[in-house]
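# Structure assessment
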Amino acid sequence: MSPTLLRWIFNLWPPFAASGIHVTGISRDWRHAQVELRMRAWNRNYVRTHYGGNLFSMTDPFWMIMTLQSLGRDYIVWDQAGSIDFLKPGKGTVVADFRLDDAVLDTMRAATAEGGRYLHWFQTDILDGQGDVVARVRKQVYVRRKRDR
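So, here's what we can say about the structure. Here the structure is a predicted model, which means the values were calculated and not measured. (Residues numbered from 1 in each chain as written. Predicted model: local features only at pLDDT ≥ 70, side-chain atom pairs only at ≥ 80, totals over all residues. Heavy atoms only, no water.)

### Things to note about the pattern of salt bridges
Enumeration over the complete set of coordinates arrives at 10 salt bridges. Across the pair Arg31 and Asp102 runs a salt bridge whose closest N-O atoms are separated by 2.2 Å. Here Asp102 lies in helix α5 (residues 102-112) and Arg31 lies in the loop between β1 (21-26) and β2 (32-37), a separation of 71 residues in the sequence. Look at Arg31 and you get partly exposed, because its relative accessible area is 22%. (Salt bridge = Lys/Arg side-chain N within 4 Å of Asp/Glu carboxyl O. Helix = DSSP H or I, 4+ residues; strand = E, 2+ residues; numbered from the N terminus. Buried < 20%, exposed > 50% of the residue type's maximum accessible area, 1.4 Å probe, protein only.)

### Some details on the environment of Ser27
Looking at the secondary structure, you find Ser27 in the loop between β1 and β2. When the C-alpha atoms of Ser27 and Asp85 are compared, they prove to be 27 Å apart, with 58 residues separating the residues in sequence. Beyond its immediate sequence surroundings of up to four residues, Ser27 is in contact with Pro3 and His32. A polar contact is formed between the side chain of Ser27 and the side chain of Asp29, at a distance of 2.6 Å. (Contact = heavy atoms within 4.5 Å. Polar contact = N/O pair within 3.5 Å; in protein donor to acceptor, adjacent residues only side chain to side chain.)

### Some details on the packing of aromatic side chains
Scanning the model with the defined rule gives 8 aromatic pairs in all. For the ring pair Trp63 and Phe122, a centre distance of 4.1 Å and an interplane angle of 5° mean the geometry is stacked. Separated by 59 residues along the polypeptide, Trp63 in helix α4 (residues 62-71) and Phe122 in strand β5 (residues 117-127) bring together distant segments of the chain. For the residue pair Trp63 and Phe122, the accessibility class agrees, reading buried in each case. Three or more aromatic residues joined by ring pairs make a cluster, and in this case those are Phe10, Trp13, Phe16, Phe62, Trp63, Phe98 and Phe122. Above the plane of the ring of Trp8 lies Arg7, whose end atom (NZ or CZ) is 5.2 Å from the centre. When the ring centre of Trp121 is taken as reference, the NZ or CZ atom of Arg138 above it lies at 4.1 Å. (Phe/Tyr/Trp six-rings, centres within 6.5 Å; stacked < 30°, edge-to-face > 60°. Lys NZ or Arg CZ within 6 Å of the ring centre and 35° of its normal.)

### Some words on the sheet that holds strand β4 (residues 94-99)
The strand order β1-β2-β4-β5-β6-β3 describes an open sheet built from 6 strands, whose pairing is antiparallel. Two strands bound the open sheet, and with one partner strand each, they are β1 and β3 (75-86). Taken over all neighbouring pairs, the strand axes of this sheet differ in orientation by 20° on average, direction set aside. Sheet topology note: the β5/strand β6 (residues 133-145) ladder contains 11 bridges and is antiparallel. Among the inter-strand pairings, Leu119 is bridged to a residue of β6, identified as Tyr142. Relative to the sheet, α4 contacts β1, β2, β3, β4, β5 and β6, its axis offset from that of β3 by approximately 155°. (Pairing = 2+ DSSP bridges. Axes fitted to C-alpha atoms, helices over the stretch in contact; angles between N-to-C directions.)

### Topic: the environment of Ala17
The topology assignment puts Ala17 in helix α2 (residues 14-19). Measuring from C-alpha to C-alpha, the distance between Ala17 and Leu37 comes to 9.7 Å, with 20 residues separating the pair along the chain.

### Remarks on unusual backbone geometry
Phi at Trp30 takes a positive value of approximately 65°, unusual for a residue other than glycine. With respect to the helices and strands, Trp30 occurs in the loop between β1 and β2. With a relative accessible area of 8%, Trp30 lands in the buried category. At Arg48, a position not held by glycine, the phi torsion is positive, near 65°.

Rendered as structure tokens:
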């Protein structure tokens, strides 16, 4: 699947669309993605801010997918764990930016070369329109080279 097709699928996928989550871009090499959460009348909570679950959801699949696509078919990649810290109320449109470095991929390949598993923590800041951090999300990705490779 191409990054462009996946972006379109995500933007039409009911859980993202109903939550106001919009994938603004995924790079051709799967190393960068940007996602925004737009405030709508139907997706704000009782105190008129973003639901914490929507903030987490907007970041959920991207590290795993970017890692899987970048490493290729010789690897098993799964989400292992995740956490979120809420730092200030999220209002308006908020944005999450994901950048996967070559050094991280090299570390994953080296750590799994003999068939072992590797766990890597990624961190993503969700920013509001003023550039302030609304929430900090941590995702742990499990990586292992397939046994028959």
